[in-house]
Amino acid sequence: RRAFAVARSAGFRRVNCDLIFAFPGQDPVAWREDLLEVIGWGPEHLSCYELSYEPGTALTRLRDAGRWEQEENARCLELFEQTQELCATHGYGAYEVSAFARSGEASLHNLAYWRSLEWVGIGAGAASWRAGERRRNLERPELYEAALARAADPVDERERPMPVTLLFDALMMGLRLREEGVSLQRLQRLCGLDPAVACAPVWQQLHDEGLLETIGAGPEQRARATPRGLLILDDVLLRLAPNRLEV
């Protein structure tokens, strides 16, 4: 609450609030109250994430030791759908799985990632994607600064991904966009592959199961997840992993 008020008083016109739902024991009534309070502040953008258990974190270790119980899928779905409904009712369009914005306030920064556009990361440990190359800078600030001081490239890792990797990465990011999805023409420019061929027969199976759909025609043709596909997008993407591609 204080942080939001300070941001506004400092003159920031566009403010995003990050919220996490589906932690163990969370009451849907309490989540509704929390979300409605934040909406009442009038932020331009909301990011509402389901709690995830990342490898190596204290929370995951507690869960694996039986000291923290992960929420059931049915409750997670209930909270997810509640979030969609409340945000839509109050004028926040869901343009990505976890991102909601007032009209014209979608995050351009995040859209660059989801559309597989290029970006340049500046600073220790920052990552970049440009001219077909992925790179990551030296993580330790003193090493990064020392490289700059001697006019050396502060890169730590760099690679030029294979076409199948580029295809999967573009699908992994782009299918998160609810309405927009992934431009098939852009996929061709990016990696030279057609997912209907490279991912066959999985691509067709996902369409037949009502998890993916192809809309538009010609240069406007796009692939996107259906509402049902969005609910299990991680499973959809696992089926499109590079080791499944036939090229």
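Note: the structure precedes this text.
Residues numbered from 1 in each chain as written. Predicted model: local features only at pLDDT ≥ 70, side-chain atom pairs only at ≥ 80, totals over all residues. Heavy atoms only, no water.

### Quick look at the overall build of the chain
Part 1: If you tally the helices and strands in the chain, you get twelve helices and ten strands.
Part 2: Overall, the chain is about 55 × 50 × 45 Å in size when its C-alpha atoms are taken along their principal axes.
Part 3: Sorting the 247 residues of the chain into buried and exposed places 40% on the buried side.
Part 4: Partitioning the contacts of the chain with sequence separation of at least 6, the portion at a separation of at least 24 is 59%.
Part 5: When the accessible surface of the chain is split by element, carbon and sulfur atoms take 53% of a total near 14,200 Å².
Part 6: Seen as two clouds, the 29 positive and the 37 negative side-chain charges of the chain have centres 5 Å apart. (Helix = DSSP H or I, 4+ residues; strand = E, 2+ residues; numbered from the N terminus. Buried < 20%, exposed > 50% of the residue type's maximum accessible area, 1.4 Å probe, protein only. Contact = heavy atoms within 4.5 Å. Areas by Shrake-Rupley, 256 points an atom, 1.4 Å probe, with all protein chains shown as cover. Lys, Arg positive; Asp, Glu negative; His and termini not counted. Charge placed at Lys NZ, Arg CZ, Asp CG, Glu CD.)

### Side note on the sheet that holds strand 4 (residues 99-101)
Part 1: Taken in spatial order, the four strands make up an open sheet running 1-2-4-3, and their pairing is mixed. Only two strands of the sheet have a single partner each, and these edge strands are strand 1 (16-21) and strand 3 (93-94).
Part 2: Pairing of strand 3 with strand 4 involves two bridges; the strand directions are antiparallel. Paired with Gly 93 across the strands is Ala 101, a residue of strand 4.
Part 3: Of the strands in this sheet, strand 1 and strand 2 (45-50) touch helix 2 (residues 28-41), which is tilted by about 180° from strand 1.
Part 4: The sheet strands contacting helix 4 (residues 73-89) are strand 1, strand 2, strand 3 and strand 4, and the helix crosses strand 1 at an angle near 155°. (Pairing = 2+ DSSP bridges. Axes fitted to C-alpha atoms, helices over the stretch in contact; angles between N-to-C directions.)

### Some details on helix 8 (residues 184-191)
Part 1: Taken as a whole, helix 8 has its buried residues at Leu 184, Leu 187 and Cys 191. Viewed end-on, helix 8 has its buried residues packed into an arc of 50°, placing them on one side of the element.
Part 2: Where helix 8 is buried, its residues touch helix 7 (163-174), strand 8 (182-183), helix 9 (195-198), strand 9 (212-215) and strand 10 (222-225).
Part 3: The N-capping residue of helix 8, defined by a side-chain oxygen 3.4 Å from the backbone nitrogen of Gln 185, is Ser 183.
Part 4: Gly 192 occupies a position one or two residues after helix 8 and carries a positive phi of about 75°. (Arc of directions from axis to C-beta. Polar contact = N/O pair within 3.5 Å; in protein donor to acceptor, adjacent residues only side chain to side chain.)

### Topic: the nonpolar core
Part 1: Counting 48 residues, the largest nonpolar core has Leu 35, Leu 46, Leu 167, Leu 171, Leu 175, Leu 233 and Leu 240 as the members making the most contacts within it.
Part 2: Among the elements that take part in this core, helix 7 stands out by supplying six residues, more than any other.
Part 3: Residues in contact with Leu 46, not counting those within four places in the same chain, are Asn 16, Cys 17, Leu 35, Val 38, Ile 39, Cys 87, Tyr 92, Ser 98, Ala 99 and Phe 100.
Part 4: Membership of the second largest hydrophobic core comes to six residues, among which are Ala 99, Ala 101, Trp 114 and Leu 177. (Core = buried A, V, L, I, M, F, W, Y, C linked by side-chain atoms within 4.5 Å.)

### Brief notes about the pattern of salt bridges
Part 1: Under the counting rule described, the total for this entry stands at 20 salt bridges.
Part 2: Where Arg 13 meets Glu 105, a salt bridge forms, and the shortest distance between an N and an O atom there is 3.2 Å. Of the two residues, Arg 13 sits in the loop between helix 1 (2-9) and strand 1 while Glu 105 sits in the loop between strand 4 and helix 5 (108-114), which places them 92 residues apart along the sequence.
Part 3: Using a relative accessible area of 12% as the deciding quantity, one classes Glu 105 as buried. (Salt bridge = Lys/Arg side-chain N within 4 Å of Asp/Glu carboxyl O.)

### So, the sheet that holds strand 7 (residues 155-159)
Part 1: Strand order in the open sheet formed by three strands is 5-6-7, and the pairing between neighbours is antiparallel. Of all the strands in the sheet, just strand 5 (127-130) and strand 7 have a single pairing partner and so form its edges. Each strand axis lies, on average, 20° off the axis of its neighbour in the sheet, ignoring direction.
Part 2: Relative to strand 7, strand 6 (residues 133-137) runs antiparallel, the two sharing four bridges. By the bridge assignment for strand 7, Arg 135 is matched with Arg 158.

### Topic: the packing of aromatic side chains
Part 1: As enumerated under the stated definition, the model contains four aromatic pairs in all.
Part 2: Judged by centre distance (5.6 Å) and plane angle (40°), the ring pair of Phe 21 and Trp 31 falls under tilted. Of the two residues, Phe 21 sits in strand 1 while Trp 31 sits in helix 2, which places them ten residues apart along the sequence. For the pair formed by Phe 21 and Trp 31, the shared burial category is buried.
Part 3: The ring centre of Trp 129 lies 4.4 Å from the NZ or CZ of Arg 134, which sits over that ring. (Phe/Tyr/Trp six-rings, centres within 6.5 Å; stacked < 30°, edge-to-face > 60°. Lys NZ or Arg CZ within 6 Å of the ring centre and 35° of its normal.)

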